[in-house]
Amino acid sequence: METLKMIQSRKAIREFNGQISDEQLQTILKAGNAGAVGMSQFENYRIIAIQKEDVLAQLNGIHGAPTVIIVAANAATTMEGVSAGIIVHNMELAAEDLGLGANYNMASLGSIPADVLPAGFKPLVVLTLGQTTETFTPRNLPDDRIKKEIIK
Ligand SMILES: Cc1cc2nc3c(=O)[nH]c(=O)nc-3n(C[C@H](O)[C@H](O)[C@H](O)COP(=O)(O)O)c2cc1C
């Protein structure tokens with residue numbers, strides 16, 4: 001799908017009806033890998049995909065998603081938070097381009113077991129993923145959903 005159409009069509013999906021394929025997971029991870037990070041410090045970030053049922057069962061607020069992708073960093077300043085958001089947004093758009101359901105998630109952050117994270121890394125944002133029956137077409141959002149100013 002063309003990028004601008006995809007941006008207008010994206011939406012949070014919280015109901016899932018099946019696991020994503022390994023090929024779909026690889027495509028989504030590749031999109032995350034293409035994300036920008038501050039000062040090109042790519043080594044400060046990790047992307048961790050969870051499909052293991054006993055780990056998923058420990059995560060709060062993931063709406064039964066069969067795949068969860070954690071974006072973690074070795075610090076949690078504004079720089080890492082923004083970069084993690086960019087990485088996760090790339091993955092969300094890629095998932096929706098594949099027709100999958102996806103949503104950003106912070107509700108699960110406090111319930112992520114320490115042993116799935118590399119030493120010294122903190123989870124910053126999560127993407128919940130799965131198959132969906134929803135389709136993605138441009139939404140009619142109110143133009144002032146986010147209030148804007150143009151100063152010139
Ligand atoms: C940083 C961030 C954190 C979010 N955390 C959650 C969450 O924990 N649980 C959830 O159901 N949705 C979460 N969302 C999804 C938002 O609720 C959703 O994007 C918002 O309602 C707008 O809807 P839309 O994405 O369909 O435009 C989060 C979104 C963002 C950007």
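Thresholds applied
Residues numbered from 1 in each chain as written. Predicted model: local features only at pLDDT ≥ 70, side-chain atom pairs only at ≥ 80, totals over all residues. Heavy atoms only, no water. Helix = DSSP H or I, 4+ residues; strand = E, 2+ residues; numbered from the N terminus. Rg over C-alpha atoms; globule rule 2.2 N^0.38 Å. Buried < 20%, exposed > 50% of the residue type's maximum accessible area, 1.4 Å probe, protein only. Contact = heavy atoms within 4.5 Å. Areas by Shrake-Rupley, 256 points an atom, 1.4 Å probe, with all protein chains shown as cover. Lys, Arg positive; Asp, Glu negative; His and termini not counted. Charge placed at Lys NZ, Arg CZ, Asp CG, Glu CD. Near = heavy atom within 4 Å. Nonpolar A, V, L, I, M, F, W, Y, C, P; charged D, E, K, R; others polar. Phe/Tyr/Trp six-rings, centres within 6.5 Å; stacked < 30°, edge-to-face > 60°. Lys NZ or Arg CZ within 6 Å of the ring centre and 35° of its normal. Core = buried A, V, L, I, M, F, W, Y, C linked by side-chain atoms within 4.5 Å. UniProt positions renumbered as here; feature names shortened; annotations may be inferred.

**Q** Explanation requested: the overall build of the protein in the structure shown.
**A** On a plain count of helices and strands, the protein comes out with four helices and four strands. The order of helices and strands in the protein, counted from the N terminus, is α-α-β-α-β-α-β-β. In terms of overall size, the protein behaves like a compact globule, its C-alpha atoms giving a radius of gyration of 16 Å where 152 residues would be expected to give roughly 15 Å. Dimensions of the protein along its principal axes, counting C-alpha atoms only, are 45 × 40 × 25 Å. Every one of the 152 residues in the protein was classed for burial, and the buried ones make up 43%. The long-range share in the protein, meaning contacts at least 24 apart out of those at least 6 apart in sequence, stands at 79%. Accessible surface computed for the protein: about 8800 Å², of which carbon and sulfur atoms make up 53%. Computed over 13 positive and 16 negative side-chain charges, the inter-centroid distance for the protein is 6 Å.

**Q** Just checking my understanding: could you explain unusual backbone geometry for this structure?
**A** Most peptide bonds are trans, and most residues other than glycine sit at a negative phi. One non-glycine residue, Ser 40, adopts positive backbone phi at about 55°. Tracing the backbone through its elements, the reader meets Ser 40 in the loop between α2 (22-33) and β1 (45-50). A relative accessible area of 52% places Ser 40 in the exposed class. Backbone geometry at His 63 places phi at a positive 55°, although glycine is not the residue there. Looking at where His 63 falls in the secondary structure, it is placed in the loop between α3 (53-56) and β2 (67-73).

**Q** Looking at this structure, how should I read the site of the ligand?
**A** In the vicinity of the ligand, the contacting residues are Arg 10, Lys 11, Ala 12, Arg 14, His 63, Asn 103, Tyr 104, Asn 105, Met 106, Ala 107, Arg 139 and Arg 145. Protein contact buries 61% of the 620 Å² of open area that the ligand shows by itself. Across the shell around the ligand, the residue classes tally to four nonpolar, three polar and five charged.

**Q** Any chance you could explain the packing of aromatic side chains here in plain terms?
**A** Ring pairs (aromatic) are described by centroid distance and by the angle formed between their planes. For the structure on display, the rule yields zero aromatic pairs. Just above the ring of Phe 136 sits the side chain of Lys 11; from NZ or CZ to the centre is 5.5 Å.

**Q** Help me understand the nonpolar core in this model?
**A** A general feature of soluble globular proteins is that nonpolar side chains tend to end up buried together. In terms of nonpolar packing, the biggest core is built from 21 residues, with Ile 50, Val 68, Ile 70, Ile 112, Val 116 and Leu 117 touching the most fellow members. Only β1, α3 and β2 provide two or more residues apiece to this core. Sequence-distant contacts of Ile 112, that is, excluding residues within four places in its chain, are made with Leu 59, Ile 70, Leu 117, Pro 123 and Val 126. Counting 19 residues, the second-largest nonpolar core is a separate cluster that includes Ile 28, Ile 69, Leu 124 and Leu 127.

**Q** Sorry, what's going on with the UniProt feature "domain: Nitroreductase" (unreviewed entry) in the protein here?
**A** Listed under "domain: Nitroreductase" (unreviewed entry) in the UniProt record, and renumbered for this structure, are residues 55-104. Structurally, residues 55-104 is divided into 44% helix and 22% strand, and its ends, taken at the C-alpha atoms, are 18 Å apart.

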